[in-house]
Amino acid sequence: MKFAIIVFPGSNCDLDMYTAVKDSLGVDAEYVQHYENNLQGFDAVLLPGGFSYGDYLRTGSIARFSTIMAEVIRFAEEGKPVFGACNGFQILTEAGLLPGALRRNDSLKFISKQQNLKVENVHTSFTSSYEQGEVITVPIAHGEGNYYCDKETLQQMKDNNQIVFTYANDNPNGSIENIAGIINKQGNVLGMMPHPERAVEALLGSDDGLKLFQSMYKNYQKELCQ
């Protein structure tokens, strides 16, 4: 399995993603720059956190028009796995690959801390290594993580079991229904505000995020055997 890690001007979690996949998971990974237009040879795409294009306009709104994003959209439409964390989540919503939008935290302050999450759906290629209802600890670091969608979209997501992670114990940013991470209807695009790539070793305070990448790898192996 080979992961593509998309790098935008202002990305600052690309190395975290690379280390999580290459060192902790032990799977091949390669950086792909925002100006490139080819994802041939890759089996999964990762959109890292950071401040793409300085977070000018809305977060992710400029990155969405980067050359590589047309290829990421094609990749996703083919049913291949795409995962975005933090700014990556924001870019996925701006690109229309996930519903809803991310707004300023209700506190209007940047938040950086360890955060408890509840795993709401383990029947995805990103969460199959978790237990249903499991509470995990994953860091957050964002100023615009307040997830919002209209009532109709929210009901559709509930009906389709698209809410994958919620904030447990407390809601740090005001997200509707405590939503921390969602998946598309097809089930191959996941976005979340917390950073699982920063929680892959106990030395970092938690290794709960590693199961997400392990789930992706196991699903890839499963598909190879079919």
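Here, every reference points to the structure presented above.
Analysis parameters
- Residues numbered from 1 in each chain as written.
- Predicted model: local features only at pLDDT ≥ 70, side-chain atom pairs only at ≥ 80, totals over all residues.
- Heavy atoms only, no water.
- Phe/Tyr/Trp six-rings, centres within 6.5 Å; stacked < 30°, edge-to-face > 60°.
- Helix = DSSP H or I, 4+ residues; strand = E, 2+ residues; numbered from the N terminus.
- Buried < 20%, exposed > 50% of the residue type's maximum accessible area, 1.4 Å probe, protein only.
- Lys NZ or Arg CZ within 6 Å of the ring centre and 35° of its normal.
- Pairing = 2+ DSSP bridges.
- Axes fitted to C-alpha atoms, helices over the stretch in contact; angles between N-to-C directions.
- Contact = heavy atoms within 4.5 Å.
- Parallel < 35°, antiparallel > 145°, perpendicular 65-115°, else oblique.
- Left-handed = near helix turned anticlockwise from the far one by under 90°.
- Salt bridge = Lys/Arg side-chain N within 4 Å of Asp/Glu carboxyl O.
- Polar contact = N/O pair within 3.5 Å; in protein donor to acceptor, adjacent residues only side chain to side chain.

Caption draft 1: Highlighting the packing of aromatic side chains. In the structure shown here, the tally under the stated rule is five aromatic pairs. Plain terms: the ring middles of Phe-83 and Phe-213 are 6.2 Å apart, the flat faces sit at 80° to each other, and that makes the pair edge-to-face. Residue Phe-83 is found in strand β4 (residues 82-85), and its partner Phe-213 is found in helix α5 (residues 210-225); the two are separated by 130 residues along the sequence. A single burial state applies to Phe-83 and to Phe-213, both of which are buried. Relative to Phe-165, the ring of Tyr-130 has its centre 6.3 Å away and its plane inclined at 90°; by these criteria the two rings are edge-to-face. Highlighted residues: Tyr-130 in the loop between β6 (111-119) and β7 (135-142) and Phe-165 in strand β9 (residues 163-167), separated in sequence by 35 residues. In this pair, the class of Tyr-130 matches that of Phe-165, namely buried. Here the aromatic cluster, defined as three or more aromatic residues joined through ring pairs, consists of Phe-83, Phe-126 and Phe-213. Note that Arg-64 overlies the ring of Phe-65, its terminal NZ or CZ placed 4.8 Å from the centroid. If you follow Arg-103 out to its NZ or CZ, it ends over the ring of Tyr-148, 4.4 Å from the centre.

Caption draft 2: View of the sheet that holds β6. With respect to topology, nine strands assemble into an open sheet ordered β2-β1-β3-β4-β11-β10-β9-β6-β7, the strand pairing being mixed. Where the open sheet ends on each side, the last strands, each with one partner, are β2 (28-33) and β7. Shown here is a sheet whose adjacent strand axes are inclined to one another by a mean of 25°, direction ignored. Pairing of strand β1 (residues 2-7) with β2 involves six bridges; the strand directions are parallel. Along β2, the bridge assignment pairs Ile-5 with Tyr-31. Taken strand by strand, helix α1 (residues 14-25) contacts β1, β2, β3 (44-47) and β4, and its axis lies near 160° from that of β2. Against the sheet, helix α3 (residues 87-94) contacts β3, β4, β10 (179-183) and β11 (189-192), and its axis sits at roughly 120° relative to β4.

Caption draft 3: The arrangement of the packing of α1 against α5 in detail. With their axes 11 Å apart at the nearest point, α1 and α5 run at an angle of 70° to one another. One finds that α1 runs roughly perpendicular with respect to α5. Here the hand of the crossing between α1 and α5 comes out right-handed. Residues Met-17, Ala-20, Val-21, Ser-24 and Leu-25 of α1 lie in contact with α5, whose contacting residues are Leu-210, Phe-213, Gln-214 and Tyr-217.

Caption draft 4: Fine view of the pattern of salt bridges. Scanning all chains against the criterion turns up ten salt bridges. The salt bridge partner of Arg-58 is Glu-94, with a shortest N-O separation of 2.9 Å. With Arg-58 in the loop between β3 and α2 (67-77) and Glu-94 in helix α3, the pair connects residues that are 36 residues apart, well separated along the chain. Residues participating in the shared-partner salt-bridge network are Glu-71, Arg-74, Glu-78 and Lys-80.

Caption draft 5: Broad picture of the side chain of Gln-90. Within the secondary structure, Gln-90 sits in helix α3. For Gln-90, a relative accessible area of 4% translates into the label buried. Non-local contacts of Gln-90, meaning those with residues more than four positions away in its chain, are made with Thr-59, Leu-102, Glu-144 and Met-193.

Caption draft 6: The side chain of Asn-87, seen in detail. Along the chain, Asn-87 turns up in helix α3. Of the polar contacts made by the side chain of Asn-87, one reaches the side chain of Gln-90; its length is 2.8 Å. Aside from chain neighbours lying at most four places away, what touches Asn-87 is Pro-48, Gly-49, Gly-50, Phe-51, Ser-52, Asp-55, Thr-59 and Gly-60.

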